[in-house]
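Breakdown of the fold
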Amino acid sequence: MSYLEHYNLQEEPFSISVDSRFYYNSKHHTEALIRLKYAAEERKGLALLVGDVGAGKTTLARRLLDELDEKSYESALLIVIHGAITSEWLLRKISVQLGVEKPAETKTDLLGQLYHRLAEIHNQKKKAVVLIDEAQMLQTREIMEEFRGILNIELDGHKLVTFILFGLQEIDQHLALDEPLRQRVAIRYRLPAFTEASTEEYVKYRLQIAGCKKEIFTQTAYAALHQYAKGMPRLINTLCDNALLEAYLRKKDRVDHDMIHEIAIDLNLAAK
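In this report, we go over the structure that sits alongside the text. These figures come from a predicted structure and were not determined experimentally.

Attention now moves to helix α12 (residues 257-266). Buried within α12 are the following residues: Met 259, Ile 260, Ile 263, Ala 264 and Ile 265. Against the buried residues of α12 lie α10 (219-229) and α11 (233-249). Asn 268 sits one or two residues past α12 and shows a positive phi near 60°.

Set out below in structure tokens:
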């Protein structure tokens, strides 16, 4: 008998990979989406979502991208993987993602191409939106000035592109490298950790999507999950995945507080 068969599951419920089917629409996720979609719809220029490591920022970014209707938006999602990128790299990436063909070699010409592409999107009655995940990696004044320059592009009294940045709290410090840009943040939302109640709802929701039809975690296990994961979805997934495997190996049908405690110690999430 396999791990999945033991619990009558159709698939793994706690994979850390982003899967829209497992998206849990908490109260705060709902509020965040409403605010960010408002920023996109009203062409606010610059919006910001911050949250701690593992809070679900990437999941939210992908959800927002899915909800921006292609008939109304020309949208793109960029993921910054290191802090050594240049403003020219960023400009080129944005241009390509928004549909600039054969991007020019010089920065001046590339800016001209981006302007014409943004004007074309505007004339198509669509709105250009660029989502940038791991935006705390954008760390230089040069990059902040580049953002401000692009945000200066307007037509018919409207900004031609809206940037929505997703990142850790330190992104505020980087935006402050260019004070005029920092003052242009029109929408800012902090994604908080789950409460104990939403932690329980989140776990049950993912189990349900995976085909679970019975209670696996005890009530005290949910309390322990919240305690050790501190309401962070990524850590909740890791603890739950390990707990299901451990219960399977021990031939148990339920996961209790003590088992979560043991796993938290193994994962260095709790003191021995």
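Here the focus is the sheet that holds strand β2 (residues 73-79). One open sheet holds the five strands; their spatial order is β2-β3-β6-β1-β7, and the pairing between them is parallel. Since the sheet does not close on itself, it has two edges, and those belong to β2 and β7 (187-191), each with one partner. Between one strand axis and the next, the sheet turns through 15° on average, direction left out of account. Pairing analysis gives five bridges linking strand β1 (residues 46-51) to β7, with the strands arranged parallel. Looking across to β7, one finds that Leu 49 is bridged to Tyr 189. In the packing of helix α2 (residues 27-41) onto the sheet, the strands contacted are β1, β2, β3 (127-133), β6 (161-167) and β7, and the crossing angle to β7 comes to about 160°.

A few words now on the environment of Lys 213. Structurally, Lys 213 is set in the loop between α9 (196-209) and α10. Judged by its relative accessible area of 78%, Lys 213 is exposed. Taking the C-alpha atoms as reference points, Lys 213 and Asn 237, 24 residues apart in sequence, are found 19 Å from one another.

With that settled, the discussion passes to the packing of α2 against helix α3 (residues 57-67). Two numbers describe a pair of packed helices, the interaxial angle and the distance between the axes. The interhelical angle for the contact between α2 and α3, taken along N-to-C directions, is 50°, at an axis separation of 11 Å. Here α3 runs oblique to α2, going by the angle between their axes. Our pair here, α2 against α3, has a crossing hand that is right-handed. The segment α2 lies against α3, with His 29, Ala 32, Leu 33, Leu 36 and Lys 37 engaging Leu 60, Arg 63, Leu 64 and Glu 67. Looking at the contact of α2 with α3 residue by residue, the class counts come to five nonpolar, one polar and three charged.

Bringing the environment of Ile 121 into the picture now. Within the secondary structure, Ile 121 sits in helix α5 (residues 107-123). Through-space distance from the C-alpha of Ile 121 to that of Glu 74 is 7.2 Å; in sequence the pair is 47 residues apart. Sequence-distant contacts of Ile 121, defined by excluding residues within four places in its chain, comprise Glu 74, Leu 98, Lys 126, Lys 127 and Ala 128.

On to the layout of surface pockets. The space that makes up the largest pocket amounts to roughly 490 Å³. As for the largest pocket, its lining consists of 25 residues, and the residues nearest its centre are Ile 16, Val 18, Gly 56, Thr 59 and Arg 234. Residues of the lining of the largest pocket, tallied by class, amount to eleven nonpolar, nine polar and five charged.

What follows deals with unusual backbone geometry. One non-glycine residue with positive phi stands out, namely Asp 156, at about 55°. By the element assignment, Asp 156 lies in the loop between β4 (154-155) and β5 (158-159). The backbone of Asn 268 shows a phi angle near 60°, a positive value even though the residue is not glycine. Relative to the helices and strands, Asn 268 resides in the segment after α12.

Below, the discussion takes up the packing of α9 against α11. Between α9 and α11, the shortest axis-to-axis distance is 11 Å and the interhelical angle comes to 55°. The pairing of α9 with α11 is recorded here as oblique in orientation. In this structure, α9 meets α11 at a crossing whose hand is right-handed. Taking contact as the criterion, the partners of Thr 199, Tyr 202, Val 203, Arg 206 and Leu 207 in α9 are, on α11, Pro 233, Ile 236, Asn 237, Cys 240 and Leu 244. Grouping the constituent residues of the contact of α9 with α11 by class yields seven nonpolar, two polar and one charged.

Conventions used here
- Residues numbered from 1 in each chain as written.
- Predicted model: local features only at pLDDT ≥ 70, side-chain atom pairs only at ≥ 80, totals over all residues.
- Heavy atoms only, no water.
- Buried < 20%, exposed > 50% of the residue type's maximum accessible area, 1.4 Å probe, protein only.
- Helix = DSSP H or I, 4+ residues; strand = E, 2+ residues; numbered from the N terminus.
- Contact = heavy atoms within 4.5 Å.
- Pairing = 2+ DSSP bridges.
- Axes fitted to C-alpha atoms, helices over the stretch in contact; angles between N-to-C directions.
- Parallel < 35°, antiparallel > 145°, perpendicular 65-115°, else oblique.
- Left-handed = near helix turned anticlockwise from the far one by under 90°.
- Nonpolar A, V, L, I, M, F, W, Y, C, P; charged D, E, K, R; others polar.
- 1 Å grid on protein atoms, 1.4 Å probe; cavity = no way out; pocket = protein on both sides within 12 Å on 5 of 7 lines; lining within 4 Å.
- Points joined across faces, edges and corners; volume = space filled by probe spheres on them.

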